[in-house]
Amino acid sequence: MACGVRQDHSAIGLRVETAAEAGGEPRRTDLSDADWRAVRHAVLAYVRRRGHSQDVAEDVAQESLTKLLHYTRQGQTASLYALAFRIAANCLVDRFRGESRYGDAVLETHPCGEPLPDRIASDRQRLARLNSALERLPPLRRAVLLRRRIDNQSIPRIAAEMNLSTAAVEKHVVRGLSDLRKAMEDGEELKGSSRDAQ
Amino acid sequence: MTPSEKVRTEAAFWVERMNRPAFDARDGAAFDQWMRSDADNREAFAAMAALWDDGFPRPDARPEQALLDGSNSRAADRFPARRRWVATSIFGASAAALIVGALISTTLPRSYSSLPGQQQAIQLADGSTVHLGGNSRIDVQYLPWRRTVRLERGEAGFDVAHDTNRPFDVDAGQVDVVVLGTAFHVDRLAQGRVGVAVTRGAVDVRTLKGSDRLAAGHAVRVTDRGIERVAMQVEDSQWSSGWFVARNIPLSDLVEKLRRHSKTPIEISDDKSENLMIVGRFNVSDPDAALKGIESSYDIELSRRSGTLYISTPN
């Protein structure tokens, strides 16, 4: 079932971005085509960043926009973009169930869709880079960030338990994330310019 | 193209915000505005969200734990190694402490129950394990030809040892879940409704009105209308983490989830609130924050009277 990714492609039948670009149908939502294109590009970028192929990204973007359109027609959403990202993340969960990027071993009975060796290699590199970036964070910042992300603790709880102000906790999380992302970008740059460094 | 420091920091800010139990409408509007305004912002957010959603590797040891605990305990400074060991084996130790060596030599049913906010790992005689959620209770009865667990209230995850000759079934009121060897989660919600999610193997969900066979990755919600398939989300397979995704469900079901963790009793005062349909992602292990989130997004009022929290709809 996990392999059905491409199969129902034609069965979907509704290509949101095609309709929008052709400018044919009148829109029921107050969103412009430019908005839809922006959302679609953001979702594409997100799925690619999660380490999936362009094909998967196109499929997920397609599915996400179809669902998003459906939800926005039903009523107001607090945030269009937040909903789009949430839907896209769930699509990936549905497709690659139980497969976490750095997580547990793939089940023996897993039907197919095992990652290709190059993806495994590149994920290993990413993981190594992420680990070393985590190690380079100041200890307090790392502790706060891990509590927030890995243990899913709320900002007020971390603040209370670590004797910090909520503003300080929030700042540590934001700065920590930003530092990690910067470290990952530097790695991507090196790889992108095909230098042999690292 | 690398984004500027400012864009990256803003993206980090929004990713953290979007992963809170609830965010208010103003945050949503501000976020959309920020995303809409610049392609660089969208790109930076996509990359940051991917970093967040991919997750971080869980460190085997957390040296900083010792450092931090040091502020509360001098002994920690003197015995950092020991402290580390303690810190890293919290799960193992508590799990071990909670595992009940349930060697059922008789066929009498045996009960296990948990307090709000407490979770238990229970090892059954045949090697099956039950992960009991907070404020939950099960009765276990093993017969030579049948293994039966009655989920009296709350929720539980099951990892069942394979035994073809002895089916394992979970009785959750109007719903009966029959399995051979598999991992799944059963959740008793309000008004007899039940959720079932399967992470490995297959189960049969049987009710008076019909049955459905679920394979790994399938989830259902059983209501008085019958069995409805629902999409399984990442939070469902990691239910013990305390996150719960409400997909247009009555408030009474969400409150039932909060009761698993809340030390304060929660009551819903009127039918209107009970049937208020809720959409959102909530950290039910932090009931106060989740309730605040619901209060800010929906038309309900919270009041505290003699140690009980009441939810009502303002007139």
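Just above sits the structure.
Just so we're clear, the structure is a prediction, and the values are computed from it rather than from any experiment.

Cut-offs applied
Residues numbered from 1 in each chain as written. Chains lettered and ligands numbered in written order. Predicted model: local features only at pLDDT ≥ 70, side-chain atom pairs only at ≥ 80, totals over all residues. Heavy atoms only, no water. Helix = DSSP H or I, 4+ residues; strand = E, 2+ residues; numbered from the N terminus. Buried < 20%, exposed > 50% of the residue type's maximum accessible area, 1.4 Å probe, protein only. Contact = heavy atoms within 4.5 Å. Buried area = accessible area lost by both parts, 1.4 Å probe. Salt bridge = Lys/Arg side-chain N within 4 Å of Asp/Glu carboxyl O. Polar contact = N/O pair within 3.5 Å; in protein donor to acceptor, adjacent residues only side chain to side chain. Core = buried A, V, L, I, M, F, W, Y, C linked by side-chain atoms within 4.5 Å. Domains from an automatic or database assignment. Pairing = 2+ DSSP bridges. Axes fitted to C-alpha atoms, helices over the stretch in contact; angles between N-to-C directions. Left-handed = near helix turned anticlockwise from the far one by under 90°. Nonpolar A, V, L, I, M, F, W, Y, C, P; charged D, E, K, R; others polar.

Caption draft 1: View of the side chain of N41 of chain B. Residue and element names in this part refer to chain B. Position of N41 among the secondary structure elements: in helix α3 (residues 39-54). Accessibility expressed as a relative area gives 5% for N41, which makes it buried. The residues touching N41, leaving out its near neighbours within four places in the chain, are V7, W34 and M35.

Caption draft 2: Summary view of the interface of chain A and chain B. In this complex, chain A contributes 55 residues to the contact, which on the side of chain B involves 53 residues. Of the roughly 4,900 Å² buried where chain A meets chain B, counting both sides, 61% is carbon and sulfur surface. Considering only the side of chain A, the residues that lose the most area to chain B are Y81, R149 and L177 of chain A, jointly responsible for 13% of the buried surface there. The interface formed by chain A and chain B contains 8 salt bridges. One salt bridge in this structure joins R50 of chain A and D54 of chain B, with 3.0 Å as the shortest N-O distance. In this assembly, chain A and chain B are joined by 13 residue pairs in polar contact (both at pLDDT 80 or more).

Caption draft 3: A look at the nonpolar core. If you look at the biggest cluster of nonpolar residues, it comprises 66 residues, and the most contacted ones within it are Y46, L177 and L180 of chain A together with F31, F45 and F56 of chain B. Looking at this core element by element, the count peaks at 10 residues for helix α5 (residues 80-95) of chain A. Per-domain counts for this core show at least three residues from each of domain 1 (31-100) and domain 2 (118-186) of chain A. Those residues in contact with F31 of chain B that lie beyond four places of it in its chain are S79, Y81 and A82 of chain A together with W14, M18 and F45 of chain B. Ranked by size, the runner-up nonpolar core spans 29 residues in total, among them V175, V177, F184 and V186 of chain B.

Caption draft 4: Spotlight on the pairing of strand β5 (residues 137-143) of chain B. All names here are of chain B. Across the 7 residues of β5, 5 count as buried, placing the element largely inside the fold. In this sheet, β5 lies alongside strand β2 (residues 110-113) in antiparallel orientation, the contact comprising 4 bridges. Residue R110 lies in a different strand from β5, and its bridge partner there is V140. Here β5 runs beside strand β6 (residues 146-153); their pairing, made up of 7 bridges, is antiparallel.

Caption draft 5: The packing of helix α1 (residues 5-18) of chain B against helix α2 (residues 25-37) of chain B, seen in detail. Residue and element names in this part refer to chain B. Relative orientation of the contacting elements α1 and α2 amounts to 145°, with a least axis distance of 11 Å. Considering only the axes of α1 and α2, their crossing is left-handed. Contacts between α1 and α2 involve V7, E10, A11, W14, R17 and M18 from the former and D27, A30, F31 and W34 from the latter. Of the residues contributing to the contact of α1 with α2, the split by class is 7 nonpolar, no polar and 3 charged.

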